[in-house]
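Per-entry structural report
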Amino acid sequence: GSSLGWFETLRDCGVNISMGETGDTTAIRQALEFAEKAGIKVMLRASQTTHLSQIPDFVRRFRGFKALAGYSIGDEPDASRFSELRELRNSIYTMDTTHLVYLNLLPIVPNSKLKAASYYDYVYDCARQLELPMLSYDMYPIYVKDGVLRVRGDFYQNLEDVRRASLATGRPFWAFGLCMVHAIYPEPTPAHLRFELFNALAYGAQGVQYYAWRSYSPTSPTRSKCAVEPDGTPTDIYYHMQTVNREIQSLTDVFLGCRVEEVTHTGDVPQGCARMVSAPYPFRSIRSGRSGVVVSRITNNGRNYVVLVNHDVQRPQSVRLNWRGSLMRVYSNDSIVPQI
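The structure reproduced in this document is the subject of the present report. (Residues numbered from 1 in each chain as written. Predicted model: local features only at pLDDT ≥ 70, side-chain atom pairs only at ≥ 80, totals over all residues. Heavy atoms only, no water.)

This part is about the overall build of the chain. When helices and strands are tallied, the chain shows 10 helices and 16 strands. In terms of overall dimensions, the chain is globule-like: its C-alpha atoms have a radius of gyration of 21 Å, near the 20 Å expected for 340 residues. Expressed as lengths along the three principal axes of its C-alpha atoms, the size of the chain is roughly 60 × 45 × 45 Å. Counting only residues that meet the buried cut, the chain has 49% of its 340 residues in that class. For the chain, long-range pairs separated by at least 24 residues make up 70% of all intrachain contacts whose partners lie at least 6 apart in sequence. Of the accessible surface of the chain, which amounts to about 16,500 Å², a share of 48% is contributed by carbon and sulfur atoms. If the 37 positive side-chain charges of the chain are averaged to one point and the 33 negative ones to another, these points end up 5 Å apart. (Helix = DSSP H or I, 4+ residues; strand = E, 2+ residues; numbered from the N terminus. Rg over C-alpha atoms; globule rule 2.2 N^0.38 Å. Buried < 20%, exposed > 50% of the residue type's maximum accessible area, 1.4 Å probe, protein only. Contact = heavy atoms within 4.5 Å. Areas by Shrake-Rupley, 256 points an atom, 1.4 Å probe, with all protein chains shown as cover. Lys, Arg positive; Asp, Glu negative; His and termini not counted. Charge placed at Lys NZ, Arg CZ, Asp CG, Glu CD.)

The next thing to look at is the nonpolar core. Grouped together as the largest cluster of nonpolar side chains are 88 residues, with contacts concentrated most on Phe 7, Leu 105, Tyr 122, Tyr 137, Trp 213 and Met 241. Residue contacts for Tyr 122: discarding those within four places in its chain leaves Glu 76, Pro 77, Asp 78, Ala 79, Phe 82, Leu 105, Leu 106, Leu 114 and Ala 116. Counting residues in each nonpolar core, the second largest holds 12 residues, with Met 43, Met 180, Tyr 185 and Cys 226 among its members. (Core = buried A, V, L, I, M, F, W, Y, C linked by side-chain atoms within 4.5 Å.)

Okay, the sheet that holds strand β5 (residues 135-137) next. Spatially, the 7 strands line up as an open sheet ordered β1-β2-β3-β4-β5-β8-β9, and their pairing is parallel. Two strands close off the open sheet at either side, each with one partner strand: β1 (17-18) and β9 (207-211). (Pairing = 2+ DSSP bridges.)

The next point concerns unusual backbone geometry. In this structure, the amide linkage connecting Tyr 211 to the following residue, Ala 212, adopts the cis form with an omega of -5°. Counting through the fold element by element, Ala 212 comes out in the loop between β9 and α9 (236-250). Residue Pro 282 follows Tyr 281 across a cis peptide bond; omega there is 5°. Along the chain, Pro 282 falls in the loop between β10 (259-265) and β11 (283-287). The phi dihedral of Ala 183 falls on the positive side, at around 50°, and the residue is not glycine. Summarising the element assignment, Ala 183 is placed in the loop between β8 (173-178) and α8 (190-202).

What follows deals with a nonpolar patch on the surface. Judged by side-chain polarity, Leu 308, Val 319 and Leu 321 come together as a nonpolar surface patch covering roughly 190 Å² of accessible area. The residue Leu 321 is located in strand β14 (residues 320-323) in this model. (Patch = residues over 30% accessible without salt bridge, like charges linked within 9 Å, V, L, I, M, F, W, Y side chains within 5 Å. Salt bridge = Lys/Arg side-chain N within 4 Å of Asp/Glu carboxyl O.)

Here it is, written out as structure tokens:
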């Protein structure tokens with residue numbers, strides 16, 4: 001169950017929206033009251049928001065709460081369900097137009113599972129048919145196979161397709177980081193979280209999400225390690241998330257509301273991505289190691305930024321920069337330092 005301390009722990013980690021899963025209206029009301037006291041919002045993920053007949057009463061009951069962020073209508077649907085999901089969306093908007101309606105999409109999987117001609121079509125069609133305020137998808141690229149840490153080869157392709165659909169439809173996108181040990185996924189390090197989230201931000205993500213805060217089966221002996229223990233006690237994963245959230249939030253001026261003008265890559269160019277042919281102004285050259293880096297050119301509030309993200313999640317990489325004119329380096333501790 002939730003408590004005020006539970007939501008304060010979320011807030012202190014740098015989280016501003018919580019999404020639990022329950023259809024218990026008493027528990028939902030309590031969660032919304034605690035969240036308001038803690039100063040964060042709640043996205044309601046409940047059985048009632050996935051049943052057309054139950055939406056009017058449910059929305060009427062909760063739309064007045066100050067801590068309400070919005071309503072989740074589904075997770076990882078295939079394209080055949082978009083028309084039915086649009087009906088859920090319409091029903092919510094009939095009752096409440098001031099809160100978000102949220103849907104989370106699949107990552108790149110076989111087209112037969114998407115029930116779409118391509119992954120891009122799947123995301124684009126969702127944006128066009130449902131017209132939700134954001135596109136959200138979950139891709140967890142870092143996994144272990146035969147004892148070796150690997151990164152999914154289509155991680156950047158996923159970002160490319162979602163960014164393209166986002167630009168084509170004018171819908172911002174939200175991406176995920178994994179903060180839960182389960183199946184083939186290892187315990188996340190700060191480097192893993194930075195890799196997932198800063199790559200997404202470099203591609204223009206306007207929201208970052210985490211899965212999952214607490215193990216679904218707190219009493220199970222094989223329960224997964226998450227950000228907090230079943231009783232709400234933080235684990236080291238919590239502190240990794242807190243660190244990375246602080247870094248992201250200190251770079252709000254760079255990423256929030258930004259426009260990503262171009263994303264290219266040096267070194268080993270991932271599938272579906274473009275090689276950097278000439279360095280963005282004011283750089284004369286950007287030289288990396290063989291693994292390569294993401295080179296994202298961003299404009300925000302009249303300023304030009306170039307964001308570099310290492311392709312390699314395990315090893316650091318030297319990058320040599322040559323530029324003309326003046327340049328400021330933006331650090332993730334709120335400081336901006338002129339470079340000579």
